[in-house]
Amino acid sequence: MKIHEFHSRNIFRKYGLPVPNDVLCHSVEEVEKAMAKFDDMVVVKAQVLVGGRGKAGGVKLAKNKEEAVSAARKILGMDIKGLTVEKVLVTEAVDIEKEFYVGLINDRNTKTVTLMASAEGGVEIEEVAKETPELIHKLPIDPLIGLLDFQAREVAMKLFGNVKLARKAAVIMQKLYQLFVETDSTIAEINPLVLTPDHKIWAIDGKMNFDDNALYRQAEIEAMREADEDELKEIDAHEKGLSYVKLDGNIGCMVNGAGLAMATMDMIKLYGGEPANFLDIGGSSNPQKVVDAMNILISDKNVNAVMINIFGGITRCDDVARGLIKALDIIKSDIPIVVRLSGTNAEEGLALLKETGLPTVETMSEAAKKAIELSQGQKS
Ligand code: GDP
Ligand code: MN
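Residues numbered from 1 in each chain as written. Chains lettered and ligands numbered in written order. Predicted model: local features only at pLDDT ≥ 70, side-chain atom pairs only at ≥ 80, totals over all residues. Heavy atoms only, no water.

Asker: Go over the layout of surface pockets, please, and point to the residues and values.
Answerer: Considering only enclosed or pocket space, the largest pocket measures out at about 1,300 Å³ in volume. Residue lining of the largest pocket: 49 residues in total, with Lys45, Arg53, Asn191, Pro192 and Asp205 positioned closest to the centre. Tallied by class, the residues present in the lining of the largest pocket amount to 20 nonpolar, nine polar and 20 charged. Taken domain by domain, the lining of the largest pocket gets at least three of its residues from each of domain 1 (21-92) and domain 2 (98-222). Lining the second largest pocket are 25 residues, with Met1, Asp212, Asn213, Glu234 and Val245 sitting closest to its centre. Contributing elements (two or more residues each) for the lining of the second largest pocket: strand S7 (98-107), strand S10 (185-195), strand S12 (206-210), helix H8 (229-239) and strand S13 (243-246). The residue makeup of the lining of the second largest pocket, split by class, is 10 nonpolar, six polar and nine charged. When we break the lining of the second largest pocket down by domain, the ones giving at least three residues each are domain 2 (98-222) and domain 3 (229-379). (1 Å grid on protein atoms, 1.4 Å probe; cavity = no way out; pocket = protein on both sides within 12 Å on 5 of 7 lines; lining within 4 Å. Points joined across faces, edges and corners; volume = space filled by probe spheres on them. Nonpolar A, V, L, I, M, F, W, Y, C, P; charged D, E, K, R; others polar. Domains from an automatic or database assignment. Helix = DSSP H or I, 4+ residues; strand = E, 2+ residues; numbered from the N terminus.)

Structure representation (structure tokens):
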């Protein structure tokens, strides 16, 4: 789960990180009113759940009330990477001498939380990682010992090259680690962490993601949820007993079992296609699930072919076939479908499907190839 910058800043503050004062505003009028609290430069910042707001024109410096109001007028309602800006954060501006990057992530290679730090802050860290990976310092953290003073200082020293500043920055890194662990975070980033000309350090942007599976014990974080359209769909699917994760491709997949779902996505990739989703309809024999799954798949505008891959064990293929026939009856869609049924009651299922005229195939690889072919036939 993602949260807005203003929420991240509040968490940072709670853990004692240096974050400039700010006020969240939902309208130009609120910005005008909020300006009574500031007597110097401010920054008006779009609050949307994507990075790169600065580049998109969603972060503007303002010297006074007039400028802040005019910035808010431009930013509110603005579209940033497909998201409409509905609120802005007005914050005290700081003088920047240099911008740094400090972040914590779950590193799957080392299987640890890893501290990443770079003197190349402000820009998107993914770009730094791609172009000049040697400029990112990485430190895997032992979960039993945590981030020790000397380790944090060593990393901080590489950034600041000055003992006094490195000590300050090291404490910030350690607090970031503490909040990362205590909030079941998967990403906690300060980008940029800035140094001012008078040698103060400020965290002026915050990005945090959280482990969805831990939210049950993070009520405060859960309350910060602002689900986007894709997340709402995933939650809705979950309530219907389906595991659904939207991806960016164009081939919708309906599969039973998480392992088979992963294998199906791999197979599509292998033959040069792009899966539109992960979708596990689970192990039960409930035709309604197929109807729900089909609805979810075709509500994704990118989907232009569907691959149904069922290996019947507890799931009975004839039930899936019945569900599919019912679904096709209810949902009027001309998106082409290919079906592969195998295992328990596959013959009965295939016999039922014959009447629908849907193409059926024997193997998974045939199904993947056919789905890709169908998806390309759809392109005009
Ligand atoms: P992002 O583009 O979504 O990552 O948004 P940020 O909050 O990181 O802001 C983008 C950039 O705006 C920063 O990297 C800074 O260069 C600049 N910026 C943000 N806040 C301030 C500020 O208080 N003072 C100054 N001088 N620049 C700022
Ligand atoms: Mn940033």
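Asker: Which residues make up the domain arrangement of the chain, and what values do they have?
Answerer: Here the domain parsing of the chain yields domain 1 (21-92), domain 2 (98-222) and domain 3 (229-379). Taking only C-alpha atoms into account, the centre of domain 2 sits 41 Å from that of domain 3.

Asker: Describe the state of the cysteines, and please don't skip the residues or the numbers.
Answerer: Applying the stated criterion across every chain, the model contains zero disulfides. Cys317 carries a free sulfur, and the closest cysteine sulfur to it, the one in Cys253, is 17 Å from it. For Cys317, a relative accessible area of 0% puts it in the buried group. (Disulfide = S-S within 2.5 Å. Buried < 20%, exposed > 50% of the residue type's maximum accessible area, 1.4 Å probe, protein only.)

Asker: Pulling in residues and values, what's your account of the site of ligand 1?
Answerer: Lys45, Arg53, Gly54, Val94 and Glu99 are the nearest of the 16 residues found near ligand 1. One of the backbone N or O atoms of Gly52 is found 3.4 Å from an oxygen atom in ligand 1. The contact in question runs from a nitrogen atom of ligand 1 to an N or O atom on the backbone of Val94, over 2.8 Å. Protein chains bury 81% of the 560 Å² of accessible surface belonging to ligand 1 in isolation. (Near = heavy atom within 4 Å. Polar contact = N/O pair within 3.5 Å; in protein donor to acceptor, adjacent residues only side chain to side chain. Areas by Shrake-Rupley, 256 points an atom, 1.4 Å probe, with all protein chains shown as cover.)

Asker: Summarise a negative patch on the surface; cite the residues concerned and give the values.
Answerer: Taken together, the side chains of Glu29, Glu30, Glu32 and Glu66 make up a negatively charged region of the molecular surface. The leading source of residues in the negative patch is helix H2 (residues 28-34), at three residues. Within the element layout of this structure, Glu30 appears in helix H2. (Patch = residues over 30% accessible without salt bridge, like charges linked within 9 Å, V, L, I, M, F, W, Y side chains within 5 Å. Salt bridge = Lys/Arg side-chain N within 4 Å of Asp/Glu carboxyl O. Lys, Arg positive; Asp, Glu negative; His and termini not counted. Charge placed at Lys NZ, Arg CZ, Asp CG, Glu CD.)

Asker: Describe in detail the coordination of the manganese ion (ligand 2), supporting the description with residues and values.
Answerer: Surrounding the manganese ion (ligand 2) are the protein donor atoms Asn191 (O) and Asp205 (OD), at 2.1 to 2.2 Å. You can see Asn191 sitting in strand S10 and its partner Asp205 sitting in the loop between strand S11 (201-203) and S12, a full 14 residues away along the chain. You'll find Asn191 and Asp205 in the same group, each marked buried. (Donors = N, O, S within 2.8 Å, 3.2 Å for Na, K, Ca; no water.)

Asker: Can you explain the nonpolar core? Please cite residues and give values.
Answerer: Core analysis: the biggest nonpolar cluster contains 42 residues, and Ile11, Phe12, Leu115, Phe160, Met173, Leu176 and Leu193 have the highest contact counts within it. Of the residues forming this core, the biggest block, 10 residues, is contributed by helix H6 (residues 163-182). Apart from residues no more than four positions distant in its own chain, Phe160 is found in contact with Phe100, Leu165, Ala166, Ala169, Leu193, Leu195 and Ile201. The next biggest cluster of nonpolar side chains, apart from the first, holds 30 residues, and it includes Ala237, Met294, Ile331 and Ile335. (Core = buried A, V, L, I, M, F, W, Y, C linked by side-chain atoms within 4.5 Å. Contact = heavy atoms within 4.5 Å.)

Asker: Describe the packing of helix H10 (residues 287-298) against helix H11 (residues 317-330), with residues and values.
Answerer: Two numbers describe how H10 lies on H11: the axes approach to 7 Å, and their chain directions differ by 45°. By the criterion of interaxial angle, the relationship of H10 to H11 is oblique. In this structure, H10 meets H11 at a crossing whose hand is right-handed. In contact with Pro287, Gln288, Val290, Val291 and Met294 of H10, H11 contributes Asp319, Val320, Arg322, Gly323, Leu324, Lys326, Ala327 and Ile330. Tallied by class, the residues present in the contact of H10 with H11 amount to eight nonpolar, two polar and three charged. (Axes fitted to C-alpha atoms, helices over the stretch in contact; angles between N-to-C directions. Parallel < 35°, antiparallel > 145°, perpendicular 65-115°, else oblique. Left-handed = near helix turned anticlockwise from the far one by under 90°.)

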